[in-house]
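Chain and residue survey
This is what each chain is made of:
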Amino acid sequence: MITTENLNFSYTSKPFIKNITFSVNNGEIFGFLGPSGAGKSTIQKILIGIIKNYSGKVSVNGCEIKNINNSFYEHIGIDFEFPTLYDKLSARKNLEFFSSLYSGKKRSIDELLKSVDLYNDADKKAGEFSKGMKSRLNFIKALVHDPGLLFLDEPTSGLDPANSRLMKDMIMKEKSNGKTIIITTHNMEDAAELCDRVAFIVDGQIKAMDTPHNLIMKKNAYEIIYTYKENGKEKTGRCVPENTADDNILKTLIAQNRILTIHSKEQTLGDVFMDVTGRRLS
Amino acid sequence: MTAIMSAFKRFLSGILDDFMLTVCILAPIIMGAALRFGIPILENFLCRTFSESYILKPYYLIFDLLLVVMTPMMLAFSGVMTTLEELDNGTAKYLMVTPVGKTGYLTSRICVLPAAGIIYSVIVIIIFGISDINLLMNFLLSVTSAVTGIIVSFLVVAFAGNKVEGMALTKLCGIFILGIPAVFFLPTPISYLCGVIPSYWFTLMAKSNNYIYALPILATSAVWFILIYKKFSSKLV
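All chains use their own residue numbering, which begins from 1 and follows the written sequence. Starting at A for chains and at 1 for ligands, labels are handed out in the order in which the entities are written. Local features are withheld for residues below a pLDDT of 70 in this predicted model, meaning they are given only at 70 or higher, and side-chain atom pairs are given and counted only at 80 or more; totals for whole chains, interfaces and linings count all residues. Side-chain calculation: all heavy atoms of the structure are included, whereas hydrogens and water are not.

Some words on the overall build of chain A
A count of helical and extended segments in chain A gives nine helices and 13 strands. Projected onto the principal axes, the alpha-carbon positions of chain A cover approximately 75 × 50 × 30 Å. Note on definitions: a residue-residue contact is assigned when non-hydrogen atoms from the two residues lie within 4.5 Å. Of the contacts made within chain A by residues no fewer than 6 positions apart, 66% connect residues no fewer than 24 positions apart. As presented, chain A carries roughly 13200 Å² of accessible surface, and 47% of it is formed by carbon and sulfur atoms. Residues counted as positive are Lys and Arg, residues counted as negative are Asp and Glu, and His and the chain ends are not counted. The atoms used to mark charge sites are NZ of Lys, CZ of Arg, CG of Asp and CD of Glu. Put simply, chain A has 38 plus and 35 minus side-chain charges, and the middle of one group is 3 Å from the middle of the other. Secondary structure follows DSSP: runs of H or I at least 4 residues long count as helices, runs of E at least 2 residues long count as strands, and numbering of each begins at the N terminus. Calculation of accessible area relied on Shrake-Rupley with a 1.4 Å probe; when residues are assessed, cover is drawn exclusively from the protein chains displayed.

Focus: the interface of chain B and chain A
Between chain B and chain A, the residue contacts involve 20 residues of the former and 20 residues of the latter. Values labelled buried area give the accessible surface lost by two parts on being combined, using a 1.4 Å probe and summing over both. Taking both partners together, chain B and chain A bury about 1900 Å²; carbon and sulfur atoms supply 65% of that area. When the buried area of chain B at its contact with chain A is split by residue, Y94, V97 and P99 of chain B rank highest and sum to 36% of it. Only one rule defines a salt bridge in this text: a Lys or Arg side-chain nitrogen within 4 Å of an Asp or Glu carboxyl oxygen. Linking chain B to chain A there are one salt bridge. Two residues, K88 of chain A and E85 of chain B, come together in a salt bridge whose shortest N-O distance is 3.6 Å. In the analysis that follows, any N or O atom pair within 3.5 Å is treated as a polar contact, provided that within protein one partner can donate a hydrogen and the other can accept it, and provided that, for residues neighboring in sequence, both atoms belong to side chains. Linking chain B with chain A are four residue pairs in polar contact (both at pLDDT 80 or more). For the side of chain B that touches chain A, the secondary structure elements donating two or more residues are α1 (2-16), α3 (60-89), α4 (91-95) and α5 (101-128) of chain B.

Things to note about the side chain of T180 of chain A
Residues and elements named next belong to chain A. Residue placement: T180 occurs in strand β8 (residues 180-185). Between buried and exposed lies partly exposed: a residue is buried under 20% and exposed over 50% of the maximum accessible area for its type, with that area taken using a 1.4 Å probe on protein chains only. Residue class for T180 comes out buried when judged on its relative accessible area of 0%. Setting aside its immediate chain neighbours within four residues, T180 contacts M1, V24, N25, N26, G27, E28, G148, L149 and L150.

Brief notes about the packing of helix α4 (residues 131-141) of chain A against helix α5 (residues 161-176) of chain A
All names here are of chain A. Axis definition: a line fit to C-alpha positions, over the contact stretch in the case of helices; interaxial angles, taken between N-to-C directions, run 0 to 180 degrees. Where α4 contacts α5, the two axes come as close as 10 Å, and the packing angle between them is 10°. Between α4 and α5, the angle is such that the two are roughly parallel. Residues G132, S135, R136, F139 and I140 of α4 form the contact with α5, whose participating residues are N163, L166, M167, M170, I171 and E174. Residues are grouped as follows: Ala, Val, Leu, Ile, Met, Phe, Trp, Tyr, Cys and Pro are nonpolar; Asp, Glu, Lys and Arg are charged; every other residue, Gly included, is polar. Counted by class, the contact of α4 with α5 contains six nonpolar, three polar and two charged residues. Here roughly perpendicular refers to angles of 65 to 115 degrees, roughly parallel to angles under 35, roughly antiparallel to angles over 145, and oblique to all remaining angles.

A few points about the environment of S59 of chain A
Residues and elements named next belong to chain A. Its location among the elements puts S59 in strand β4 (residues 55-60). Taking the C-alpha atoms as reference points, S59 and T4, separated by 55 residues in sequence, lie 6.2 Å from one another. Excluding anything up to four places from it in sequence, S59 contacts M1, I2, T3 and E64.

Let's talk about the pairing of β8 of chain A
All names here are of chain A. By the criterion of burial, β8 is predominantly enclosed, with six of the six residues buried. Alternating positions in β8 separate into two faces, T180, I182 and T184 on one and I181, I183 and T185 on the other, with burial throughout. One bridge is not enough; two strands pair if DSSP finds at least two bridges between them. Pairing of strand β3 (residues 29-33) with β8 involves five bridges; the strand directions are parallel. Considered in β8, the bridge of I29 is made with I181. Bridge count for strand β7 (residues 149-153) against β8 is five bridges, and the pairing is parallel. Residue pairing in the sheet places L152 in a bridge with I183 of β8. Note on handedness: a crossover is taken as right-handed if, strands pointing away from the viewer, the path from the first strand over the helix to the second is clockwise. Regarding the hand of the β-α-β motif, the stretch spanning β7, α5 and β8 is right-handed.

Comments concerning the sheet that holds strand β10 (residues 205-210) of chain A
Residues and elements named next belong to chain A. Pairing in this open sheet of six strands is mixed, and the strands run β6-β7-β8-β3-β9-β10 from one edge to the other. Single-partner strands in this sheet number two, and they are β6 (76-79) and β10. Sheet twist, expressed as the mean angle between neighbouring strand axes with direction ignored, is 15°.

Things to note about the packing of aromatic side chains
Pairing of aromatic rings covers Phe, Tyr and the six-membered ring of Trp, with a centre-to-centre limit of 6.5 Å; geometry is then stacked below 30 degrees between planes, edge-to-face above 60, and tilted otherwise. Summed over all chains, the structure comprises 25 aromatic pairs over all chains. Seen from their ring centres, F72 of chain A and Y73 of chain A are 5.2 Å apart, and the 80° between their planes marks the pair as edge-to-face. Across the pair, exposure class does not vary: F72 of chain A and Y73 of chain A are buried alike. Taken together, a centroid distance of 6.3 Å and an interplanar angle of 65° make the contact between Y59 of chain B and F184 of chain B edge-to-face. Taken together, the residues Y59 of chain B in the loop between α2 (19-50) and α3 and F184 of chain B in helix α8 (residues 179-185) connect sequence positions 125 residues apart. For F184 of chain B, a relative accessible area of 17% puts it in the buried group. Among the aromatic residues, those joined into a cluster by ring pairs are F80, Y86, F97 and F98 of chain A together with Y94 of chain B.

A few points about the nonpolar core
Only buried residues count toward a nonpolar core, which is a set of Ala, Val, Leu, Ile, Met, Phe, Trp, Tyr and Cys residues joined through side-chain atoms within 4.5 Å. Counting 153 residues, the largest nonpolar core has L137, I140 and F200 of chain A as the members making the most contacts within it. Among the elements that make up this core, the one with the highest residue count is α3 of chain B (15 residues). Ignoring anything within four residues of it in the chain, the contact list for I140 of chain A reads L95, L112, L113, S115, V116 and M170 of chain A. I224, Y226, C239 and L253 of chain A belong to the second-largest nonpolar core, a separate cluster that totals six residues.

Details of a nonpolar patch on the surface
There is a patch of nonpolar side chains on the surface, built from F19, V23, L26, I29 and I30 of chain B and spanning about 490 Å² of accessible area. Considering the arrangement of structural elements, one finds F19 of chain B in helix α2. Like-charged residues within 9 Å of one another, or nonpolar side chains (Val, Leu, Ile, Met, Phe, Trp, Tyr) within 5 Å, are grouped into patches, provided each residue has over 30% relative accessible area and no salt bridge.

Comments concerning the pattern of salt bridges
Residues and elements named next belong to chain A. Taken as a whole and assessed by the stated rule, the structure comprises 20 salt bridges over all chains. Between R107 and E174 there is a salt bridge; the shortest N-O distance is 3.0 Å. Placement of R107 in the loop between α2 (91-100) and α3 (109-115) and of E174 in helix α5 is noted, with a sequence separation of 67 residues between them. Given a relative accessible area of 24%, R107 falls into the partly exposed group. R165 is the salt-bridge partner of E193, the closest N and O atoms lying 2.6 Å from each other. Residue E193 is found in helix α6 (residues 188-194), and its partner R165 is found in helix α5; the two are separated by 28 residues along the sequence.

Take a look at the structure:
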C-alpha cells in the first residue's frame, strides 16, 4: 500500500528528513509518533503529494508520488489536524460539495452524519459547530468518497474525552472495514490503542519501528512491584517477570504470607519513546 | 474537469453570497454607465463654462482604458477575497489534495474569473466606450488587462495574511494602473519609469494604435509572474 526507500527531503540546505524507509500493509493502522517539528507532518505531506521535490522512492497505492496526477486523490482521504470546512455552509452542504469532487462510489451522507451523531445538526452551519462537532464533520468529510487509504493528522487533538472516544471508535470501525490508516500524532495513549505498528520520528529520522506491544516488551518494560513489612517499616521490592523464581525476598515473603501488596507495572509507549529517543513528546 | 467545475461553482457561490463581492462584479457596468452618460454631460458643461470647443475629449481614451483595466481587476478582487477566505479556513489546502489538485485550484480561483473578464471587458467597452477603440484593440486590451488582473491576484494572495490585508493590498495594487496617466501626463524620459508596469505599454498600444507594444506588455507581465510566483506558490503549500 505504502513503501518508502531512503526518503530524504529538506526545506533548506540542511537535511531534514533523513533516509526514511518503511512500508505499510493493506488494512493496517500505522502511526507516526514524535514531538512537534520532528518531521511527521512533512512525511505526511510527501505521502499525499503536497511535496514532490524529495529524493528516494515513495510509492502510495502503487504510484510513485512524483508522478501522480489528480486521480490519485480519488483513492485517499485526508483529515487535517484543523477542520477545513466552509463555515457558511451547513454540515450537509459541506459534505455534498466535497463529495461532488469525486467521481467514484460515494458513501451515504445521511449514514455518515448518523455515524458521528451529527444527523440532527446536518442543516446547521458548520461555523456554528463546537470544536468537537467540527472535528467529527471534518473526519467524515474524508470518508465521503469511500477511500481505501486514510491519512489522519492528530485525529483526537484538542477533543474532550467523549469526543476523543467517539473518534477512536470511528477509526477502529474504518479499520474493520478494511481501510489502511496512517495516523500522525504525539499522543502516545492513542497510538498504543489504535496502531498496529508505530514509527518514532525524531529529527527527521525513524528511531524505532514496531508494534506498540513489541516496543514495550523489548525494553524489559514489565516489572512486578511488591510491598511488605520488615522491622515495622513498609518496604518495596521489584523484579522483572522472568526473574521471579530467583528473587529470594519474594519467595520468602510468599512462603511466610507476608506480602502486603503486589502488582505488575508496564511502561507506557511514552516511557519507551523517551528511552529510545531521549526526547519528551510536546 | 468535473471536480474543477464543482470547485468553480462553489467559488462563484461564495462570491455571490457576499454582497460586497457581488457589487464588485457589477462595478464595471456601474462605472461604464457613469462614464458613458456622465463624461459627455460633464464635457458639455465644462465647454459651456469655459467657452472652449473641447476640454475632456482628448482624454476620453483614458476613461475607456480605466474601464478596460477595472473590469478584470474587479473580478480578480472578488476572486482574491474568496481565495483568501479559503486559505484562512483551510479549504484551499484541502481542495488541493482532492481531484481538483493544485493546478485545478489555481485555475478555478485565480484564472477563470479574469479570463471571463476578457469577454466582460470587451462587451463593457462596446456598450459604454466613449473613444474610438476598434474591436481588435478592444480585445487585445482586455486580454492584457486580464493578465494584469491575474498578476494582482498572485501578488495579493502571496503577501496578504488575511482578507483585511488583502483589501489594503488590492488598493495598493492600484499602482498597476498608473501607466495610464503616466503616458498622457508625464514627459517622455520620466514616463519610462512606469515602463515596469504593463499598463504603461498597454496605454501606448492604445494611444498609438500600434500592436507591437503587446511585446513589452508580455515581457513585463512575465517578469512580474516570475518575481511573484515562488512566494505565491509557497503560500499554498
